[in-house]
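# Chain and residue survey
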Amino acid sequence: MSFTKKNVSLAEGPDPRSSIQTERANSKFNPEQMNYFLEGSKERSELFKGLAQQMERDPVLFTDGSYYDLTKDQQRELTALKINRLARYRETDSIDTFNKRLSLVGVFDPQVGTRIGVNLGLFLSCIRGNGTAEQLKYWAFDKETSNIKGIYGCFGMTELAHGSNVAGLETTATFDKETDEFVINTPHIGATKWWIGGAAHSATHCSVYARLIVDGEDYGVKTFVVPLRDSNHDLMPGVTVGDIGAKMGRDGIDNGWIQFSNVRIPRFFMLQKFCKVSADGDVVLPPLEQLSYSALLGGRVMMVLDSYRMLARMSTIALRYAIGRRQFKGDNVDQNDPNALETQLIDYPLHQKRLFPYLAAAYVISASALKIEHTIETTLEELDQAVAKEDQRAIFKSIDDMKSLFVDSGSLKSTATWLAAEAIDQCRQACGGHGYSSYNGFGKAYNDWVVQCTWEGDNNVLGMSVGKPIVREIINLEDKDKKVRGSTAFLNQLKEYTGSNSSKVVLDNVADLDDINKVIKAIEVAIIRLGQEAASTVRKESLDFVGAELVQLSKLKAHHYLLSEYVRRVNEFDQKELVPYLLTIAKLYGATVVLDKFAGIFLTFNVASTKAITDLASIQIPKLCAEVRPNFVAYTYSFQQSDMIVNAAIGKYDGDIYENYFDLVKAQNPPSKTKAPYSAALEAMLNRPSLEARERFEKTDETAEILSK
């Protein structure tokens, strides 16, 4: 008889805990130092760990497996309590530190992160992007919105009948000269503001996107601050709101709808950094209409960062499970040894090929998340300075930078969120039946996550908006030899890889596949050749005819940015002993997430030879997986995500997958409760009288004899 640490057992059970300890002991690099790379620096790494420790010790913010059994009403109430708690941290955190805190909250409780993010991110970002310095000071600081106090904002862009096409929004803001007011109105049901986070219960004010109408002329969509509720939290006259109800996920967010019935606001409630309306009705239009959408850029950046953290969390769960779970006896086990253990899932080549690409994606995306975060901060800061100085030259330079930022952030947001959504489900499937349990995190993670693929509209629409300028730049290169600047400057190589050079192969053998710089060059050439073909179609038809190609261009553009920035960061990283391990990740990402998935494009346009693509599957990917295998635990541990953040019974640090899972199941569903609340219905079904008895024995032979006389 043998005994486990937790309970009495009559036989030797599985010992996954020892397996993960063995794997961890055999790791070849320091995970804490690797985390410095992932988070950008040692200082940032230590800050994130400190924030995580604070929150996992906080009695209100702490999250565990009970999270998965909450009803919608319980989620709403708990989310409100957590926001109240986080508001206290906001009073002492710097804005930068609190944003990092929210980045972590977004991993283990995304509905809390989003509900705060709508107020501090979208509402205030809209004011920062479109309001004057005085307007930002008033709404953000004088009214204490930035401290989650006083007023609470929501973001009124999306309408019931319009999402991605922001320029087509139909809510109106009509200027009344006599009263110096705007009249905000919802003209029909299609213009009802919809999906507005915080509108149903929380928000006191809304940044409303509405059509500016002055003297009967429509000047397009502009932004306005509209009060929804007074200081008693009662609705303002003319404002009607409602709850849009249960969603696929994130039920802790009070998404609502809003209708405005001739609601009057002062003229100075219009955000007037770029577009201005005087008391006489004179209108000054912005130099670029898209500037009013700059509030969305912060959300895109956050979604790229969220993608990194979600990929890290999901791959950690699935890979830890793959250590402890043994299934069948594979080729690495002596088939004739009756005492031989079954093979660990992670030792099956197919399992490695399924999971390691998502591990690699987390690493690669981390670098670009930091880069794009820095880029947006500097770009918006330079734009604000240019506007403040009324420096037209600097304003138009900033506008050029903004256009490039729209392309980069759009391609990264759509590609990264798609990749994370794919990872959640693939990691779930790799955990077999246990992946389907809510207690192992995948179900709620997926339902909460996939909204990111449609925030700002469908990712395909966003992808097309990125592909269009690439095609236009190629047309301008062909027709006017107009050089391209910014992150698509590689398009200037057009003549080197098209025309008589259109068959020039970049990747021809395994050595080429193993050269990450050649892989990056291959992506550039693929974009050039695919883009040129799309351009030739556009010349005959229109951009609508190449929608699929535009999305593919957007994805390839994102992968180019991701790999280029990752390699740049690796080359600059001061922990040189970690560089070989980081480069292996880059090669694996390029081989699996890019070359394998887009093999059709690379073959069709002669970017890679048939032999190279054949060797990719048979030689390169298995080789890279074998290189990752000895250290994959160290790679996941480098994310430094605690058990609270991972929040999966089969994904805990100690690797005791069966004990942890069974304990949580019993805690949430006590076996002492032997009868269900609906047991009476079951008992009535099983213990019902016979059919004859229920028919009062009215159809028996005896009754027939009596009634037949």
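What this report covers is the structure whose coordinates are included nearby. Quick caveat: nothing in here was measured; it's all calculated off a predicted structure. (Residues numbered from 1 in each chain as written. Predicted model: local features only at pLDDT ≥ 70, side-chain atom pairs only at ≥ 80, totals over all residues. Heavy atoms only, no water.)

Another aspect to go through is helix H9 (residues 349–389). The end-to-end C-alpha distance of H9, which contains 41 residues, comes to 60 Å, matching closely the 60 Å that a straight helix rising 1.5 Å per residue would cover. Glu-390 lies just past H9 and shows a positive phi near 55°. (Helix = DSSP H or I, 4+ residues; strand = E, 2+ residues; numbered from the N terminus. Expected span 1.5 Å × (residues − 1).)

Take the nonpolar core next. In terms of nonpolar packing, the biggest core is built from 133 residues, with Tyr-363, Tyr-566, Tyr-589 and Phe-602 touching the most fellow members. Not counting the four nearest positions on each side in its chain, Tyr-363 is found in contact with Met-34, Leu-38, Tyr-566, Leu-582, Ile-585, Ala-634, Tyr-635, Ser-638 and Phe-639. (Core = buried A, V, L, I, M, F, W, Y, C linked by side-chain atoms within 4.5 Å. Buried < 20%, exposed > 50% of the residue type's maximum accessible area, 1.4 Å probe, protein only. Contact = heavy atoms within 4.5 Å.)

Side chains of Tyr-678, Leu-682, Met-685 and Leu-686 sit close together on the surface and give an oily, nonpolar patch of about 450 Å² of accessible area. With respect to the helices, strands and loops of the structure, Leu-682 is situated in helix H23 (residues 679–686). (Patch = residues over 30% accessible without salt bridge, like charges linked within 9 Å, V, L, I, M, F, W, Y side chains within 5 Å. Areas by Shrake-Rupley, 256 points an atom, 1.4 Å probe, with all protein chains shown as cover. Salt bridge = Lys/Arg side-chain N within 4 Å of Asp/Glu carboxyl O.)

Before going further, it helps to examine the sheet that holds strand S4 (residues 193–196). Taken in spatial order, the three strands of this open sheet run S4-S8-S7, and their pairing is antiparallel. Of all the strands in the sheet, the pair left with one neighbour each is S4 and strand S7 (239–243). Strand-to-strand twist across the sheet, computed as the mean angle between neighbouring axes with direction ignored, equals 25°. Pairing of S4 with strand S8 (residues 256–260), which is carried by two bridges, proceeds in the antiparallel orientation. In the strand pairing of S8, Ile-196 is matched with Gly-256. (Pairing = 2+ DSSP bridges. Axes fitted to C-alpha atoms, helices over the stretch in contact; angles between N-to-C directions.)

Here the idea is simple: oppositely charged side chains can pair when their charged atoms come close. Applying the stated rule across the entire model yields 42 salt bridges. Across the salt bridge formed by Arg-76 and Asp-243, the nearest N and O atoms sit 2.8 Å from each other. Pair noted here: Arg-76 is in helix H4 (residues 72–90) and Asp-243 is in strand S7, with a separation of 167 residues, a long-range link. Classification of Arg-76 by relative accessible area gives buried; the value is 10%. Classification of Asp-243 by relative accessible area gives partly exposed; the value is 31%. In this structure, Asp-514 engages Lys-587 in a salt bridge whose closest nitrogen and oxygen atoms are separated by 3.5 Å. With a gap of 73 residues between them, Asp-514 in the loop between helix H14 (510–513) and helix H15 (516–540) and Lys-587 in helix H17 (residues 579–596) connect regions that are remote in the sequence. Under the relative-accessibility criterion, Asp-514 is labelled partly exposed at 25%.

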